[in-house]
Amino acid sequence: MDIVAQLRALIGDNAVLDATQLADRSAGIWRQDHLRALALARPASTEEVAAVLRCCQQHQHSVVTQGGLTGLVHGADAAAAEVILSTERLRAIESIDPQQRCATVQAGVTLQALQEAVEDHDLMFPLDLGARGSATLGGNAATNAGGNRVIRYGMMRDMVLGLEVVLADGSVLSNMNRLIKNNAGYDLKQLFIGSEGTLGVITRLVLRLREAPRSHDMALVGVESFDQVAALLKHVDRGLGGRLSAFEAMWQDFYRLVSSPPAQGRPPLPQDYPYYVLLESQGAEPQGDRQQFEQVLESALVEGLIADAALANSQADCAAFWALRDDVAQVFNGGTPLIYDISLPIAEMENYVAGLTGALAASVPGHRLWVWGHLGDGNLHLAVQLPANQAESLRPAVERAVYTPLAEFRGSVSAEHGIGLEKRPWLPVSRTPEELRAMHCLKQALDPQGVLNPGKILEPGPA
Ligand code: ZN
């Protein structure tokens with residue numbers, strides 16, 4: 001019996017698609033190509049996930065787990081000879097506990113579905129990112145997603161209380177912890193968070209919820225120098241007493257791109273400042289918080305840290321500010337850009353961007369560069385648009401210019417997107433040989449036959 005027939009016998013005919021049935025499925029929400037695989041299995045329970053993995057391991061078929069297909073580093077790409085395990089039928093929000101402030105969900109629930117469900121309980125799940133409508137919570141955990149509010153709430157890693165994971169051999173490792181503090185031995189769930197499907201398949205999660213904020217203040221400010229941007233971060237964080245929930249920077253070119261046609265957004269501030277920062281504060285006292293927010297901005301003006309400010313006066317204004325920042329799709333106009341998510345100390349950012357601008361000017365003719373990012377977290381996004389038909393030939397020069405200087409600054413080749421296939425050659429820029437050996441040891445221990453998402457993060461085989 002072939003693998004399709006075997007999987008159908010285990011989880012049902014309709015739950016398994018064969019290669020021909022995949023022909024019209026997109027490979028991802030940013031992608032032009034279609035899925036390829038031997039089969040796509042859609043288990044509807046942990047037991048079915050376990051049955052699929054047991055079967056695949058027994059027959060030495062590699063398994064690539066897929067969630068919402070919103071990744072940016074080819075971490076969930078499948079080859080024609082591999083089996084895809086999709087979490088699309090693991091869609092249950094099992095419980096929301098307002099007292100313990102946690103939710104129990106299956107891995108295929110989208111981020112937005114959980115955000116909306118907890119609102120009814122006056123609670124918030126603070127992870128937030130542009131792909132919220134498609135990205136799944138299992139995928140958010142498998143890639144340790146970051147996004148817009150890391151400065152206040154941390155990354156996905158900080159929001160997961162418990163996990164259930166199916167290992168390569170089909171055994172179920174259940175750690176559905178609901179406690180905030182639990183120091184009873186190794187924290188095994190953290191091994192799987194950020195492992196991009198290479199160590200196990202996440203099937204269920206217990207997620208930490210927060211009280212919904214009652215005040216929400218935002219401003220967009222124009223800044224004349226990078227030193228002032230860095231000083232502004234300390235100024236507002238100190239002044240807002242723990243309420244700062246986003247500090248998003250946009251370099252001038254990015255701001256112009258997202259506030260000019262064909263983009264929908266219009267500029268709340270003139271377009272000639274070198275830097276723009278989107279500031280957001282969340283608290284519990286609408287009147288008092290607004291007053292303090294205005295005072296902090298006013299003192300930033302008096303101290304010369306900001307040159308200009310536009311305050312949001314309504315929820316619609318807040319949404320419009322976020323829409324500017326989130327309109328990253330504009331970098332896709334005119335071709336597929338190369339997109340990066342590097343991390344480095346704030347003190348090194350200006351030098352880094354100046355060096356990158358010079359290196360690209362010297363070695364990559366006809367490119368365009370945009371810079372923006374979660375500056376409060378030390379995370380910059382870069383998009384490099386290349387002339388049509390030259391993206392692949394120029395990619396190595398761009399990657400060299402982006403990644404090589406990070407070694408000197410002790411930065412990271414991935415702040416939040418992960419490694420996947422795309423950044424695997426560059427992992428040694430950010431990890432020592434000893435760290436890479438330890439990663440190979442873990443992979444070998446948990447997936448000795450190498451069937452789980454092989455080749456992602458690490459080269460297949462021993463270090
Ligand atoms: Zn981001």
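In the block above lies the structure referred to throughout.
Calculation notes
- Here, residues in each chain are numbered from 1, in the same order as that chain's written sequence.
- Restriction of local features to residues with pLDDT of at least 70 applies here, the model being predicted, together with a cutoff of 80 or more for giving and counting side-chain atom pairs; totals for whole chains, interfaces and linings are based on all residues.
- With hydrogens and water set aside, each side-chain value is computed from the structure's full complement of heavy atoms.
- Helix and strand definitions here come from DSSP, where helices need a minimum of 4 consecutive H or I residues and strands a minimum of 2 consecutive E residues; each element is numbered from the N-terminal end.
- Buried, partly exposed and exposed residues are distinguished by accessible area as a fraction of the type maximum, computed with a 1.4 Å probe on protein chains only: under 20%, between the cut-offs, and over 50%, respectively.
- Here a residue-residue contact requires only that any non-hydrogen atoms of the pair lie within 4.5 Å.
- The accessible surface values rely on the Shrake-Rupley method and a 1.4 Å probe; as for residues, cover is taken only from the protein chains in view.
- Two strands are said to pair when DSSP picks up at least two bridges between them.
- Here an angle of 0 to 180 degrees is reported between the N-to-C directions of two axes, which are lines fitted to C-alpha atoms, with helices fitted over the stretch in contact.
- Relevant arc is that of directions from the helix axis to the C-beta atoms, nothing else.

Helix and strand counts for the protein stand at 14 helices and 18 strands. Along the longest, intermediate and shortest principal axes, the C-alpha atoms of the protein span 75 × 55 × 45 Å. Counting over 463 residues, the protein shows a buried share of 51%. Counting only contacts in the protein whose residues sit at least 6 apart along the sequence, the fraction spanning at least 24 positions is 70%. Carbon and sulfur atoms provide 50% of the accessible area of the protein, an area that totals close to 20,000 Å².

Our focus in this paragraph is the sheet that holds strand β8 (residues 160-166). Read from one edge to the other, the open sheet built from five strands follows the order β5-β6-β10-β8-β9, with strand pairing classed as antiparallel. Where the open sheet ends on each side, the last strands, each with one partner, are β5 (93-97) and β9 (172-175). The mean inter-strand angle of the sheet, taken between neighbouring strand axes irrespective of direction, is 10 degrees. The strands touched by helix α3 (residues 111-119) are β5, β6 (102-106) and β10 (201-208); relative to β5, the strand with the most contacts, the crossing angle is about 40 degrees.

Turning to helix α1 (residues 3-11), a few remarks are in order. For α1, the set of buried residues is Ile3, Val4, Gln6, Leu7 and Ile11. Buried residues in α1, looked at end-on, bunch into an arc of 165 degrees, giving them a common side. Among the structural elements, β1 (16-18), β2 (39-41), α2 (46-58) and β4 (83-86) are those in contact with the buried residues of α1. Looking at the residues trailing α1, positive phi occurs at Gly12, about 110 degrees.

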